[in-house]
Each structure stands twice: as structure tokens, then as C-alpha cells.
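Each chain, written out:
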Amino acid sequence: MSHSLALDISVANQVLGFAQMRSIRQATVEDLPQISTIENLTSAYPCSNKQLHDCLGQTFALIEDNRLMGFAIIAVIEHQAELHNIAINPQAQGKGLGSLFLNALVAALPTTIEQFYLEVRVSNYRAIRLYHQAGFSKIAERKDYYRNGLGREDAIIMAKSIK
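Computed from a predicted model, the values in this text were never measured in an experiment. (Residues numbered from 1 in each chain as written. Predicted model: local features only at pLDDT ≥ 70, side-chain atom pairs only at ≥ 80, totals over all residues. Heavy atoms only, no water.)

**Student:** How would you sum up the sheet that holds strand β1 (residues 22-26)? Please name residues and give values.
**Tutor:** Hydrogen bonds between backbone atoms are what pair the strands of a sheet, whose relative direction is either parallel or antiparallel. Spatially, β1-β2-β3-β4-β5-β7-β6 is the arrangement adopted by the 7 strands of the open sheet, whose pairing is mixed. With partners counted over all chains shown, the strands left at the sheet margins are β1 and β6 (137-148), one partner each. Mean inter-strand twist for the sheet, computed between neighbouring axes without regard to direction, equals 25°. Where helix α2 (residues 32-42) meets the sheet, it contacts β2 (59-64), β3 (67-77) and β4 (80-88), and its direction lies at approximately 85° from that of β3. (Pairing = 2+ DSSP bridges. Helix = DSSP H or I, 4+ residues; strand = E, 2+ residues; numbered from the N terminus. Axes fitted to C-alpha atoms, helices over the stretch in contact; angles between N-to-C directions. Contact = heavy atoms within 4.5 Å.)

In C-alpha cells form, the structure reads like this:
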């Protein structure tokens, strides 16, 4: 039996509701300038334009009032998914959009997904709090995984059971 490994965007948009003219859609090449801007504003070590372009098939855009306010990159393989990146425009942070976006994406995962994984810098307290609130738990650490201004920084690996 064949199962779709694509996110169900209609489910994500149902979770968002119709308030504030919000929606989620597959990102397009036309979105790359805005995605790149958000990536550069939110990451000390941002992905290159080529890396962002190469991930377009796995990238989802959060739209509010016809403006791209955030993006997420999610890989889906077999019975698991991995959040590679999620970012909200700094001008829109602190309003619950990250939480709303993440919860909508979780709801849109294919029904075959059993675990949803992510990695986060140990120093990214806001993201760790967001992930805990969304039901993710720490399952491991990777020593010296990320670069930082002083050398290297550990990553926390988190997972959320979907079924």
C-alpha cells in the first residue's frame, strides 16, 4: 500500500483558522528572497541561498496578510519526519506565530509518521521552550555540533511521538 509522504497543507490551514488572513503553503522560488532575508535575520550562521534553494521541495511558507512571515523546512522519510529549520520574521516574533506554525505543521504530517525529530542549539532557550510547549522532549545531545563565535556548541536532539 502506498502512502503519501507529503504534508497535508489543508489540515495545516484548518489548524491556523481564518483569523488574521493566515495560511501555509509550499514555498516557491519566488519566496527565496524573503526566506533568505528571514534566515539571515534569525540565524548567526545562516544557510546559503543555494542550500535554501535545494530545500524548496521541503519548505513551507507561513503567510499573514499576504506577506511571508516565516518558513519551515521538514524532511519526511518513511515513518519519521525531521524539522531542519523553522524561523519567523523578527518583526513578527513574540506574537505566538511560531507556536501556531509548528502546531499546524505537526497536524499536517502524513498519517504514517510516528516520530518527529529536531536539533536545537543548547543556547536557543526560546526555541527549546517552544518545542517543549509543542510536546517535544529531549532524547540526546550532540557534543560540539554547532559553530559559534567562541568555537563549538552542543545540540539538543528532541523528539515528539505522533502516534
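**Student:** Hey, could you go over unusual backbone geometry for me, with residue numbers and the actual values?
**Tutor:** Backbone geometry at D65 places phi at a positive 50°, although glycine is not the residue there. You can see D65 is positioned in the loop between β2 and β3. In this structure, E78 is a non-glycine residue whose phi angle is positive, near 55°. Along the chain, the position of E78 falls in the loop between β3 and β4. The class for E78 is exposed, based on a relative accessible area of 55%. (Buried < 20%, exposed > 50% of the residue type's maximum accessible area, 1.4 Å probe, protein only.)

**Student:** Summarise the layout of surface pockets; cite the residues concerned and give the values.
**Tutor:** There is about 1,400 Å³ of room inside the largest pocket. Taken together, 41 residues line the largest pocket, and the ones lying closest to its centre are N85, I86, N124, A127 and Y131. Elements with a contribution of two residues or more to the lining of the largest pocket: α2, α3 (49-54), β4, α4 (97-108), β5 (115-121), α5 (125-133) and β6. In terms of residue count, the dominant contributor to the lining of the largest pocket is β4 (7 residues). Here the residues of the lining of the largest pocket sort into 20 nonpolar, 13 polar and 8 charged. (1 Å grid on protein atoms, 1.4 Å probe; cavity = no way out; pocket = protein on both sides within 12 Å on 5 of 7 lines; lining within 4 Å. Points joined across faces, edges and corners; volume = space filled by probe spheres on them. Nonpolar A, V, L, I, M, F, W, Y, C, P; charged D, E, K, R; others polar.)

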